[in-house]
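Structural overview
Each chain, letter by letter, is given below.
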Amino acid sequence: MIFNQLSIYNPNLIKKIMDSVKILRNIFFSHSPFRLVHDLSYECNCKCRICERWKKSSNLNDQLNTKEIFKMLEDAKKTGIIYYVVEGGEPLLSKDLPLILKYAKKLNLKTTVITNGFCLKERYQEIHPFIDSLVVSLDSNDVLHDEMRRLKGIRDRAIEGIKLFRNSKTKIVINSVLCKLNVEKIDGLIKLSKDLEIPIIFQPMDIYKGYNEDIRLTQPEIKKTFLKIFKMKKDGYNIGNSFYYLQYIIENKPYVCNAPKCYTYVEPNGNIVSCCDIFNKIWGNVKQKQFKEIFGSREFKDFCKKMENCNYCSVYAVIESSLLYSLNPRYFFGNIFH
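Bear in mind the structure is a predicted one, so any value in this text is a computation, not a measurement. (Residues numbered from 1 in each chain as written. Predicted model: local features only at pLDDT ≥ 70, side-chain atom pairs only at ≥ 80, totals over all residues. Heavy atoms only, no water.)

Time to look at the nonpolar core. Counting residues in hydrophobic clusters, the biggest one holds 100 residues, and the most contacted among them are Leu36, Met72, Leu73, Tyr84, Phe202, Phe226 and Phe291. Broken down by element, this core gets its largest block of residues, six residues, from helix α14 (residues 316-325). (Core = buried A, V, L, I, M, F, W, Y, C linked by side-chain atoms within 4.5 Å. Buried < 20%, exposed > 50% of the residue type's maximum accessible area, 1.4 Å probe, protein only. Helix = DSSP H or I, 4+ residues; strand = E, 2+ residues; numbered from the N terminus.)

As structure tokens, then:
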């Protein structure tokens, strides 16, 4: 009766509660990650200053085919994985993306697509019925974004695509990675978030060794920048980062990294890894190995324990998920009722 009343007044709250129950099931019973993050391809139409994945786009011959991806999704569902996150490279360059997302939805997986937004308008009709959450990368609300991504017109095209998706049931979020190039562009980005009526997430740029160290913010710069973001969130701006995440970034204090317990990553060739950029531990390949075999192994459990002290990255999703997994009551219930 209570759930029926809640669903009438706030259906999104019911969804959050049910998702939280599934996550708790994974934490206490199945002991498997609840998110599968799939690098569909490293092919990309950008040559970003902040990311070097586009450099891998020449090696496209050993990618999983669509049938192999379907098999991987079936195995993920059997293991208890709840969320399927598609990223790249640029996933919207894949002609089979609608088929893959549709199959994930058929298996009742929650789908998220992380994109630079350049092709959103062209592919909207094909993909929007099968996407629960859409994360669009925007690092400046002016021409600087095009310059950082090294792709002319990408800002305008991404915004056009976002406007289309606002008419669907898809949850949309802007993701902004901050570095020395765009640290002064926060006000413009928050104005864009307000104009589009969608939340925005900020995170410091992580380092790709030998590529972008020169534009990484120093710790004093990070503290100053995220103090500003913290205050703007308190003032009511629609900033998607939790206060907990912002405090961790501002204070640069250690956290318990539960990323391997929350996420498993699959690279374009099918390799299963627990951390996409820092500790590239390969557990096998989805063509030969099942997720359950990995997650149930003593080696995997020992690895998860070892990684608790990592504290290397400042990735929004890693820290927020780690906080969620820790079951801090204030964070857990705050996340549900936010």
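Turning to the packing of aromatic side chains, a few remarks are in order. As enumerated under the stated definition, the model contains 11 aromatic pairs in all. Relative to phenylalanine 300, the ring of tryptophan 283 lies with its centre 5.4 Å away and its plane at 70°, an arrangement referred to as edge-to-face. Taken together, the positions of tryptophan 283 in strand β9 (residues 282-285) and phenylalanine 300 in helix α13 (residues 298-307) put the pair 17 residues apart, joining distant regions of the chain. One aromatic cluster is present, built from ring pairs that chain together Trp283, Phe291, Phe295, Phe300 and Phe303. We note arginine 35 situated over the ring of tyrosine 83; from NZ or CZ to the ring centre the distance is 4.6 Å. In this arrangement the basic side chain of arginine 157 is found over the ring face of phenylalanine 118, its NZ or CZ atom lying 3.8 Å from the centre. (Phe/Tyr/Trp six-rings, centres within 6.5 Å; stacked < 30°, edge-to-face > 60°. Lys NZ or Arg CZ within 6 Å of the ring centre and 35° of its normal.)

Turning our eyes to something else, we now look at the packing of helix α10 (residues 243-251) against α14. Running from N to C, α10 and α14 cross one another at 115°; their axes reach a closest spacing of 10 Å. Seen from above, α10 lies across α14 with right-handed handedness. Residues Tyr244, Tyr245, Tyr248 and Ile249 of α10 form the contact with α14, whose own contacting residues are Tyr316, Ile319, Glu320 and Leu323. (Axes fitted to C-alpha atoms, helices over the stretch in contact; angles between N-to-C directions. Left-handed = near helix turned anticlockwise from the far one by under 90°. Contact = heavy atoms within 4.5 Å.)

Let us now look at the pairing of strand β3 (residues 110-115). The pairing of strand β2 (residues 83-87) with β3 spans four bridges and is parallel. Its bridge partner lying in β3, valine 86 is registered against valine 113. Once the chain exits β3 it traverses helix α5 (residues 120-127) before rejoining the sheet at strand β4 (residues 133-137), and the crossover so formed is right-handed. (Pairing = 2+ DSSP bridges. Right-handed = clockwise from strand over helix to strand, strands pointing away.)

Where helix α9 (residues 219-234) meets α10, the axes come as close as 8 Å, and the angle between the chain directions of the two elements is 155°. With respect to α10, the element α9 is oriented roughly antiparallel. As α9 packs across α10, the resulting crossing turns out to be left-handed. Counted together, Gln219, Ile222, Lys223, Phe226, Leu227, Ile229, Phe230, Lys233 and Lys234 of α9 and Phe243, Tyr245, Leu246, Gln247, Ile249 and Ile250 of α10 form the full contact between these two elements. Its residues assigned to classes, the contact of α9 with α10 comprises 10 nonpolar, two polar and three charged. (Parallel < 35°, antiparallel > 145°, perpendicular 65-115°, else oblique. Nonpolar A, V, L, I, M, F, W, Y, C, P; charged D, E, K, R; others polar.)

On to helix α3 (residues 66-79), then. One full turn of an α-helix is made of 3.6 residues, so residues set three or four places apart face in the same direction. In this model α3 runs 20 Å from its N-terminal to its C-terminal C-alpha over 14 residues, within 8% of the 20 Å that 1.5 Å per residue would give. The complete set of buried residues in α3 reads Thr66, Ile69, Met72, Leu73, Asp75, Ala76 and Thr79. At the N-terminal boundary of α3, the capping side chain belongs to asparagine 65, with an oxygen 3.1 Å from the backbone nitrogen of lysine 67. At the C-terminal side of α3, glycine 80 shows a positive phi close to 105°. (Expected span 1.5 Å × (residues − 1). Polar contact = N/O pair within 3.5 Å; in protein donor to acceptor, adjacent residues only side chain to side chain.)

A complete count under the given rule lists 19 salt bridges for this structure. Of the charged contacts, one joins arginine 53 and aspartate 39 as a salt bridge, the two residues approaching to 3.0 Å between their closest N and O atoms. Note that arginine 53 is positioned in the loop between β1 (35-39) and α3 and aspartate 39 in strand β1, a separation of 14 residues in sequence. By relative accessible area, which is 7% here, arginine 53 ends up buried. Of the charged contacts in the structure, one is a salt bridge between arginine 53 and glutamate 87, with a shortest N-O distance of 3.5 Å. Here arginine 53 is found in the loop between β1 and α3, whereas its partner glutamate 87 is found in strand β2, with 34 residues between them in sequence. (Salt bridge = Lys/Arg side-chain N within 4 Å of Asp/Glu carboxyl O.)

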